[in-house]
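Here is what each chain is made of, one letter per residue.
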Amino acid sequence: MSDTHPEAHERWILQTELLWAFGVGVFIAAALGMILFTALTMNVNPPSNVERINPKTLHLAGEFAEHNLGTAVGSDGRVTVRAIATQFMFLPHCIAVPANRPVTLRFASPDVIHGLLITGTNVNTMVVPGFVAQVHTEFTQTGDLLMPCHEYCGLGHSEMWATVQALPDNEFKPGPDGRVSCAKR
Amino acid sequence: MRNVERLCLAHFWVAFAAFLVAAVLGTWQMWVRSPLGANVGTPGHYFMSVTAHGVSMAYVLTTFFIMGFGYFVAVTALDRPLPGKPLAWAAYWLGLLGVVLAVIPIATGHASVLFTFYPPLTGSPWFYIGLVLVVAASWVWCVLMMVAMTQWKRENPGKPVPLAMFATVANAVMWLWTTVGVAAELLFQVIPAALGLVQTIDVGLARTLFSWTLHAIVYFWLIPAYIAFYTLVPRAAGGRLYSDTMGRLTFILFLIYSLPVGMHHLLMDPEHGNATKFIQVLLTAFVSVPTLLTIFTITASFEIAGRLRGGKGVLGWIGALPWERPMVLAAGLAFVMLGFGGFGGIVNMGYGMNAMVHNTAWVTAHFHLIFGGSVVIMYFAIAYEIWPRLTGREHISLMPLRLQLWLWFIGMIVMTFPWHWLGLQGQWRRVANFNYADPIIAGWGPWVVVSLGGGVILLISALLFVWNLAALHRGPAVALARPLYALAVHPPQRVPAALNGFGFWNVLVLVLMVLAYGFPIAQFVIEPSPSAIVHRVQ
Amino acid sequence: MVSDQPSSAASPREVADDVDEVALARVMRMVPLGAAVLAGTAVALLVAGYLLIYILVFLPRGTVG
Amino acid sequence: MAEDISPHVSEPHVLDRPWQVWSTVAVLGVVLSGILLGVLIIPIVQGRGAGLDAYTAICRALGLLPGSPAQPQPSDRTPPTPVSQVIWTPEVLQILARADVQRGYAKVQEVCVSCHGETGVSMSPDFPHLAGQSGAAIYKQLYDYRTGSRVHPLMTDIAKALDEPVIADVAAYYAGQPQRNPKPVTLAESPPEIVRLVELGDPRRNIPPCAACHRAGAGGPIETPVLAEQREEYIIQQLKIYASGQRHNDVYARMRTVASRLTDDEIAGLAAYYRAGFR
């Protein structure tokens, strides 16, 4: 404490704290700045798509009926994957996706909360009954990837996983109906 | 001590008994999911254990420790008897009844829904009612803390409330705000479903209400560790607290910023849009401010102590600190773990980057390091520091205490560092048995075994901790209790009312909660999401 | 149980403290420098690590939205 | 250090004003900048890149419209008939809960006794035992027979003759019939690989444990049937026609997937395990 009045020294201490707080503010701005920069320039968001769907009648008809699941290439060339996360398996069990091309993955759950990630990629979402989970991404690597259910959904949770085949362009060949299924390995 | 010793000891022993059981279960779980424990136990056993581990560590250890420590602070910091002591005992027995009510269905496999309840999975109603009783008991504690402070302020007009008590009441006020979310979810959604009164549940609303509690509750657990940082550690290190005002500001910032940020647990959920998620990420960035202020203020307090003991040069004071004292050692180790855990946290908070780590072992590593590491090691240090005052007996030697703290630190680092690596590889959470034949998972096996090693070290440390405390009941009678609470470089003479009470801050919290959680909850009230059929795990 | 002195004393003398005021005055001329250096580098490392993991691990795994 | 309390320190409430003003400004500033960035700037910039007007992008960011503010929403084509028409709604569950066992018993006497027996113990190997079966499971199978999602030479016509409340009554009646609880051969004697299939499933072949759905209170799908004490031949036959896909009224192919991954002796082993009365 310098010989000045304790009052002045206490104010000096508070000034050092404010200086530190300013430094902390710079660091927080750096972290938030990176988030803002990639959001504005590369559309990097957490996957969110507030699209409601009735989990109880999911299997009857519509987008998530059993026959409509899997990878489909639209007339405009957009690749859309539709899959179901249900107690204790994903349907389809193997999903084929193209590498280095924009892909939209859509999931729904007819029963409880599930969640999924694809190892080595940024595909990650919860699958909440009542909503369609949608992830827009691009697979930057090829090969067989693992897609486990990463949210507790009952006693069979540990056995609930599917395989994702990220195929290079020459192997990703849609059939006449635009559907692509996994290559038998 | 105005005979609250038995009340505090009763709370602490319930807390540490639950802690010991949960530590054993945690280690068993890590063995079962490792390559060494393949085909041991069934998923039923595993998820029963995960539920018990979560409930014991997150609800029983924390709530009872915080209540016990709060009663201790209210009596020693204010130096007056505890108001409504019979009420405190009633709350204790209510909480204990709640714990028993919750543990029975867990042990019989009727509540394997984990401690974060995944509706529409619904357990036995007694499980939820038990937890509500524990929360109700903590509400009584909050009222007693506020009454104690108000009475003290009436008896000492104009004088600043001691920092330890100010922080404890800040924690109580924040906890009352915090429990609104889970109370609404349990009372209006989950318990009616568990009782069979309703057949469906609005899952989107349930997750949003639970997220309201899910983050602020970790600050309810964390603030006692920060009370130790600000009011016990500077004295133990033989120095002064660098700034008392900054201490008050830190606990006020915790009260304000820990509440409106819960939705960063739902970044990967489909039921909220990007806008509300970005707002909550930005607010989450500001919840790191009080922690970063604390790091500076307490390191400065350490520097004062180190220099007073002859530390020279820019960092010479570090070596001069009395590391042989458990409170000082624990604070140092806690800061290291807070650093690594904090790093894990800002990565989780990274808006889009959360997709890289959500629900992977990275998240498990984050909260084991911050809660299991820096907060719980400070719980140990607080227990070691105040046990002599509660039992009237002194530790024979500090060596076993230091050994226990080191083991906890080493175990935590060995357990959680592999988890960070495995999390980035995609290892997902809550798996009873891995398919180690899969080429991707096979690579994880050795790292899981390394983290199992860390788990075993933690178990040894947990056993040693309870042994140290139990042994102290038979230690030699203590001669004279050293003064406990730290003194600031400038003890506060006058403090603005804003830094001496919470009236104004509650208004600010209300405004923040309306801005941050208003729309997300309103969207379910305006148009409920399609409900899901209840799946009973009973 | 030996009663404990309150920490809310108006003036420091009321609370026994083994800190000598003159030594404290001498020490306080240097104090927050060491803390600023240590805590500053720690926080800088944290944020640098955050930015590195964002650029080197997260972004190469493909965009997400 | 000066000892006196300096006189010019003003009263607390005067000191208070700046604290309240500055803290409100700071906190509201943080939140409003968050709202400005999150609700306006990011969605509008991202929307422009995806060809969305500002209003749509903001509504998508807030969650008032489905879709991401940064990507066009994929279109969709609807496919042909579903696998099963049963919908588990609160109303259906109420019908099951309020089923009248007496009326069910009367209909059982009239129709079901000849094959399934009065107490649910069936007369021949190719008719399943129904004693103690889950009410929801019987309800779903009868409903599937009625809608043609499942076909059987006898059951299709019988189910078509029953309307929904009576189905619930028959289901409730048989669900109420006590199982014989034969003293099961001890767990130790049943082959370990079968016990492991029931308790742990097989992570390698992505088969979840049978107990994860079929054990009471496991929290699995609502329509999961009870397998304990079921006829061995019936379980084997059903697993085989699931594997071949001839029977396909299991929602999202849960049983078709599992059955197609089981070997024949595993199927036989599981059938013997459950006939022995294990839960």
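Residues numbered from 1 in each chain as written. Chains lettered and ligands numbered in written order. Predicted model: local features only at pLDDT ≥ 70, side-chain atom pairs only at ≥ 80, totals over all residues. Heavy atoms only, no water.

What about the overall build of chain C?
Okay, step 1: A count of helices and strands for chain C gives 2 helices and 0 strands.
Okay, step 2: Per-residue burial for chain C yields a buried fraction of 46% across its 65 residues.
Okay, step 3: Carbon together with sulfur atoms contributes 69% to the accessible area of chain C, which is approximately 3,100 Å² in total. (Helix = DSSP H or I, 4+ residues; strand = E, 2+ residues; numbered from the N terminus. Buried < 20%, exposed > 50% of the residue type's maximum accessible area, 1.4 Å probe, protein only. Areas by Shrake-Rupley, 256 points an atom, 1.4 Å probe, with all protein chains shown as cover.)

What about empty space enclosed by the protein?
Okay, step 1: For the structure shown, the criterion picks out 8 cavities of 30 Å³ or more.
Okay, step 2: By volume, the largest cavity is sized at about 220 Å³.
Okay, step 3: Around the largest cavity sit 15 residues that line it, and A:Pro55, A:Pro110, D:Trp88, D:Glu223 and D:Arg254 are the ones nearest its centre.
Okay, step 4: Looking at the lining of the largest cavity residue by residue, the classes come out as 9 nonpolar, 2 polar and 4 charged. (1 Å grid on protein atoms, 1.4 Å probe; cavity = no way out; pocket = protein on both sides within 12 Å on 5 of 7 lines; lining within 4 Å. Points joined across faces, edges and corners; volume = space filled by probe spheres on them. Nonpolar A, V, L, I, M, F, W, Y, C, P; charged D, E, K, R; others polar.)

What to know about the domain arrangement of chain A
Accessible area lost on assembly of the parts is the figure often given for the size of an interface.
Okay, step 1: Per the domain assignment, the segments of chain A are domain 1 (1-45) and domain 2 (66-180).
Okay, step 2: For domain 1 of chain A and domain 2 of chain A, the distance between their C-alpha centroids amounts to 43 Å. (Domains from an automatic or database assignment.)

A short note on the packing of helix α9 (residues 288-308) of chain B against helix α1 (residues 21-28) of chain C
Each packed pair of helices is defined by two parameters, the angle between the axes and the distance between the axes.
Okay, step 1: Between α9(B) and α1(C), the shortest axis-to-axis distance is 10 Å and the interhelical angle comes to 120°. Between α9(B) and α1(C), the angle is such that the two are oblique. You can see that α9(B) and α1(C) cross each other, and the crossing is right-handed. Across the interface between the two elements, B:Ile304, B:Arg307 and B:Leu308 of α9(B) pack against C:Ala23, C:Leu24, C:Val27 and C:Met28 of α1(C).
Okay, step 2: Tallied by class, the residues present in the contact of α9(B) with α1(C) amount to 6 nonpolar, no polar and 1 charged. (Axes fitted to C-alpha atoms, helices over the stretch in contact; angles between N-to-C directions. Parallel < 35°, antiparallel > 145°, perpendicular 65-115°, else oblique. Left-handed = near helix turned anticlockwise from the far one by under 90°. Contact = heavy atoms within 4.5 Å.)

Considerations on the side chain of D:Glu199
Okay, step 1: Here D:Glu199 is to be found in helix α8 (residues 192-199).
Okay, step 2: You can call D:Glu199 buried: its relative accessible area is 17%.

Some words on the interface of chain B and chain A
Okay, step 1: Listed as interface residues are 72 residues of chain B and, on the opposing side, 61 residues of chain A.
Okay, step 2: Area buried by chain B at its contact with chain A is led by B:Pro270, B:Trp428 and B:His490, which between them contribute 14% of it.
Okay, step 3: The interface formed by chain B and chain A contains 2 salt bridges.
Okay, step 4: The tally of links between chain B and chain A comes to 21 residue pairs in polar contact (both at pLDDT 80 or more).
Okay, step 5: Residue contributions to the side of chain B that touches chain A peak at 7 residues, all from helix α8 (residues 274-286) of chain B.
Okay, step 6: Along the lines of polarity and charge, the residues of the side of chain B that touches chain A split into 39 nonpolar, 25 polar and 8 charged. (Buried area = accessible area lost by both parts, 1.4 Å probe. Salt bridge = Lys/Arg side-chain N within 4 Å of Asp/Glu carboxyl O. Polar contact = N/O pair within 3.5 Å; in protein donor to acceptor, adjacent residues only side chain to side chain.)

With respect to the pairing of strand β2 (residues 79-86) of chain A
Residue and element names in this part refer to chain A.
Okay, step 1: With 8 of 8 residues buried, β2 lies mostly within the body of the structure.
Okay, step 2: The alternating pattern of β2 places Val79, Val81, Ala83 and Ala85 on one face and Thr80, Arg82, Ile84 and Thr86 on the opposite face, and all of these are buried.
Okay, step 3: In terms of strand pairing, strand β1 (residues 70-73) meets β2 through 4 bridges, oriented antiparallel. Counted as the bridge partner of Thr71 is Val81 from β2.
Okay, step 4: Counted between consecutive antiparallel strands, the loop separating β1 from β2 contains 5 residues, among which Gly77 sits at a positive phi close to 85°.
Okay, step 5: As judged from the 6 bridges shared by β2 and strand β5 (residues 102-108), these two strands associate in the parallel manner. Pairing of Val79 across the sheet is with Val103, part of β5.
Okay, step 6: Examined bridge by bridge, β2 and strand β3 (residues 89-91) share 3 bridges and lie antiparallel to one another. (Pairing = 2+ DSSP bridges.)

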